[in-house]
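# Working through the structure, step by step
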Amino acid sequence: MRYSGLRVVWEGLRGQTGWSPVWRDPDPKPEYDVLIIGGGGHGLSTAYYLAKNHGITNVAVLEKGYLGGGNVGRNTTIVRANYFLPGNSEFYSHSLKLWEGLEADLNYNVMHSQRGLINLFHSDGQRDAFARRGNAMINQGDDAIVLDREGVRRYLPYLDFDNPRFPVYGGLYHPRGGTARHDAVAWGYARGADQRGVDLIQQCEVTGIDIEGGRVTGVQTARGAIKAKKVAMIVAGRSSQVAAMAGMRLPIESHVLQAFVTEGLKPCIDHVVSFGMGHFYISQSDKGGLVFGGDIDFYASYAQRGNLPMKEHVMEAGMALMPMIGQARVLRSWGGIMDMSPDGSPIIDRTHIDGLFLNCGWCYGGFKAVPGSGYATAHLIATGDPHESAAGFRLDRFATGVGLMDEEGTGAQHNLH
Amino acid sequence: MRLTCPYCGERDLREFTYKGDALALLRPNEDADPSDWTDYLHNRDNPAGVTRELWYHGCCGTWFVAERDTVTHVTKRTLTLAEARE
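Residues numbered from 1 in each chain as written. Chains lettered and ligands numbered in written order. Predicted model: local features only at pLDDT ≥ 70, side-chain atom pairs only at ≥ 80, totals over all residues. Heavy atoms only, no water.

## As for the overall build of chain A
Of the regular secondary structure elements, chain A holds eleven helices and 18 strands. Principal axes of the C-alpha set define a box for chain A whose edges measure 65 × 65 × 40 Å. The burial tally for chain A puts 58% of its 417 residues in the buried class. Restricting to contacts in chain A with at least 6 residues of sequence separation, those with at least 24 account for 74%. Surface summary for chain A: the accessible area is close to 16,600 Å², and the carbon and sulfur share equals 52%. (Helix = DSSP H or I, 4+ residues; strand = E, 2+ residues; numbered from the N terminus. Buried < 20%, exposed > 50% of the residue type's maximum accessible area, 1.4 Å probe, protein only. Contact = heavy atoms within 4.5 Å. Areas by Shrake-Rupley, 256 points an atom, 1.4 Å probe, with all protein chains shown as cover.)

## Quick notes on the overall build of chain B
Each helix and strand counted, chain B has two helices and six strands in total. Scanning chain B from its N terminus toward the C terminus, one meets helices and strands in the order β-β-β-α-β-β-β-α. Its C-alpha atoms give chain B principal-axis dimensions of about 40 × 25 × 20 Å. For chain B, buried positions account for 44% of its 86 residues. Contacts spanning at least 24 positions in sequence make up 44% of the contacts within chain B whose residues lie at least 6 apart. When the accessible surface of chain B is summed, it comes to about 4,700 Å², and 46% of that surface belongs to carbon and sulfur atoms. The averaged location of the 15 negative side-chain charges in chain B is 8 Å from the averaged location of its 11 positive side-chain charges. (Lys, Arg positive; Asp, Glu negative; His and termini not counted. Charge placed at Lys NZ, Arg CZ, Asp CG, Glu CD.)

## Quick notes on the pattern of salt bridges
As enumerated under the stated definition, the model contains 28 salt bridges over all chains in all. The partner of Glu11(A) in a salt bridge is Arg14(A), with the nearest N and O atoms 3.0 Å apart. Given a relative accessible area of 35%, Arg14(A) falls into the partly exposed group. Residue Glu67(B) pairs with Arg52(B) through a salt bridge whose shortest N-O separation is 3.0 Å. With Glu67(B) in strand 5 (residues 62-69) and Arg52(B) in strand 4 (residues 50-57), this pair connects stretches of sequence that are 15 residues apart. Judged by relative accessible area, Glu67(B) falls into the buried class, the value being 8%. (Salt bridge = Lys/Arg side-chain N within 4 Å of Asp/Glu carboxyl O.)

## Things to note about the packing of aromatic side chains
According to the stated counting rule, one finds 22 aromatic pairs over all chains in the structure shown. Judged by centre distance (5.6 Å) and plane angle (90°), the ring pair of Trp37(B) and Tyr40(B) falls under edge-to-face. Here Trp37(B) and its partner Tyr40(B) are both found in helix 1 (residues 34-41), three residues apart, which amounts to about one turn of the helix. Residue Trp37(B) shares its accessibility class with Tyr40(B), and that shared class is buried. One aromatic cluster is present, formed by Tyr83(A), Phe91(A), Tyr92(A), Trp362(A) and Phe393(A) through successive ring pairs. Its end group placed over the ring of Phe161(A), Arg153(A) keeps NZ or CZ at 4.3 Å from the ring centre. Over the ring of Tyr56(B) we find Lys19(B), and its NZ or CZ is 5.8 Å from the ring centre. (Phe/Tyr/Trp six-rings, centres within 6.5 Å; stacked < 30°, edge-to-face > 60°. Lys NZ or Arg CZ within 6 Å of the ring centre and 35° of its normal.)

## Focus: the interface of chain A and chain B
Contacts between the two partners involve 27 residues from chain A, matched on the other side by 25 residues from chain B. In total, chain A and chain B occlude about 2,200 Å² of area from one another, counting both sides; carbon and sulfur atoms represent 46% of this. Linking chain A with chain B are three salt bridges. Linking chain A with chain B are 17 residue pairs in polar contact (both at pLDDT 80 or more). Among the elements of the structure, helix 8 (239-244), strand 12 (253-264), strand 15 (289-300), helix 9 (308-321) and helix 11 (397-400) of chain A are those that each provide at least two residues to the side of chain A that touches chain B. A per-class count over the side of chain A that touches chain B returns 13 nonpolar, nine polar and five charged. (Buried area = accessible area lost by both parts, 1.4 Å probe. Polar contact = N/O pair within 3.5 Å; in protein donor to acceptor, adjacent residues only side chain to side chain. Nonpolar A, V, L, I, M, F, W, Y, C, P; charged D, E, K, R; others polar.)

## Some details on a nonpolar patch on the surface
Together, Met1(A), Val8(A) and Trp19(A) give the surface a local cluster of nonpolar side chains, amounting to about 260 Å² of exposed area. Its place among the elements puts Met1(A) in the segment before helix 1 (5-13). (Patch = residues over 30% accessible without salt bridge, like charges linked within 9 Å, V, L, I, M, F, W, Y side chains within 5 Å.)

## Quick notes on the sheet that holds strand 14 (residues 280-284) of chain A
Residue and element names in this part refer to chain A. In spatial order, the strands read 5-6-4-13-14-15-12-16; together these eight strands make up an open sheet with mixed pairing. Two strands close off the open sheet at either side, each with one partner strand: strand 5 (145-148) and strand 16 (330-340). Shown here is a sheet whose adjacent strand axes are inclined to one another by a mean of 25°, direction ignored. Bridge count for strand 12 against strand 15 is six bridges, and the pairing is antiparallel. Paired with Leu 257 across the two strands is Ile 296, which belongs to strand 15. Along the sheet face, helix 9 touches strand 4 (117-121), strand 12, strand 13 (272-275), strand 14, strand 15 and strand 16 and points at about 135° away from the line of strand 15. (Pairing = 2+ DSSP bridges. Axes fitted to C-alpha atoms, helices over the stretch in contact; angles between N-to-C directions.)

## Things to note about the nonpolar core
As a rule of thumb, nonpolar side chains are buried together in soluble globular proteins. All names here are of chain A. Within the largest apolar cluster, 50 residues are counted, with the highest numbers of intra-cluster contacts made by Ile 36, Trp 99 and Tyr 189. Beyond its immediate chain neighbours, meaning those up to four positions away, Trp 99 contacts Val 79, Val 110, His 112, Ala 180, Val 185, Phe 367, Lys 368 and Pro 371. Formed by 29 residues, the second largest nonpolar core is a distinct cluster that contains Leu 62, Leu 250, Ile 353 and Cys 360. (Core = buried A, V, L, I, M, F, W, Y, C linked by side-chain atoms within 4.5 Å.)

## Section: the packing of helix 2 (residues 41-54) of chain A against helix 7 (residues 182-195) of chain A
Residues and elements named next belong to chain A. Between helix 2 and helix 7, whose axes approach to 8 Å, the crossing angle comes to 35°. Read as a crossing pair, helix 2 and helix 7 show a hand that is left-handed. Contacts from Leu 44, Ser 45, Ala 47, Tyr 48 and Tyr 49 of helix 2 reach helix 7 at Ala 186, Tyr 189, Ala 190, Gly 192 and Ala 193. For the contact of helix 2 with helix 7, the residue count by class is eight nonpolar, two polar and no charged. (Left-handed = near helix turned anticlockwise from the far one by under 90°.)

Below you can see the structure in the form of structure tokens.
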């Protein structure tokens, strides 16, 4: 079924009786060409681009819970391409271009809103660093504008510009940055993949990966064994457990990142605003809630909930930056489990086992990467070679030290990002 | 989450800094195989369950090992480094 404004009106007139389920609920077949472990944003987009770009449709996505129930449903929905290092820069640039055509491509409203992202700076040194980052973004073909203090004031008049500790000096404005409706991204890709013949199999936990003579031959699941020539592990948040089924130890440590939303308010924050000094970022959802978050809790966790000290820190940072939000009441907070890699950059690569592919290590930046990641992973699975936009995301960079992408410049070691 | 410093007793999480997997105590020899160094520096078991990890108590300056469940955040026990190395 094709969606359109006319269809919405028509169904409104006849009591919404004409809608059909958005995807099938098939039983697993005994064999597929490609199995994707993980029905989150990255797994679903990989399935979609395998079918659309490469014509590979004998594919199943195996999800232990429900589609989009992991990190793609637990993030702060920010979409941006403001990376600095070669390797990251071209990947996120490509991903943002895919975002810009995504709704037409999927025939699905993902509510992508390019409302602009402003990264604030608070010292001369930070201004220089952001100007340099802006130049890197422009060189990559993306957009960046360095705003001075008055420039920021025009967009964000509600900030505490004269905060004694972190006065606002200006900001790096990325007009094409913004937000999207996170669940709709998963649903849109799921629908698109299903329409092209991909089997989306929920409640189907993978319990083992079958390997014979250094080659993957299939997986064991809660719903029986399934054979396949190629298997992709796309399970950020549980990467270490799934990779362990293939005898692998990954350069990943799992951490919890918290996010928060307030009660619905009238429109007051028109952009995505980030405050690096306090590690705080905020936008306003279309329902009116202020969606914001901070840094990871900084200890290993799979709990999907965090502790009070980071909540306190995030609230303090928000109050320091924009005191006007102090009257808003927080409705909910939650946590997502981040695959933290040593250098803070992701992995899309083959493994030492033939036919077994790995997509993991998205740290706290996986949501905006969903289109680019699926595109590149599908290319890798279909052709055997990395896509040019993701050629830097190699697994062996930690062993060799070649090609490390430490975007924050804090060191390519665990617990520094 | 509260942690128990082996010297100061149970204290608020804010007094502590996480220092990573207790694997750090098992430093390979200088002439060890490079793959041992990669396992030491980068690769992790990263269990969803009980893990052994290093913490630093900023108030008394002690490094110690905690055996903590990463799913429930419950700490089973904490050990001084001397106890942990036994």
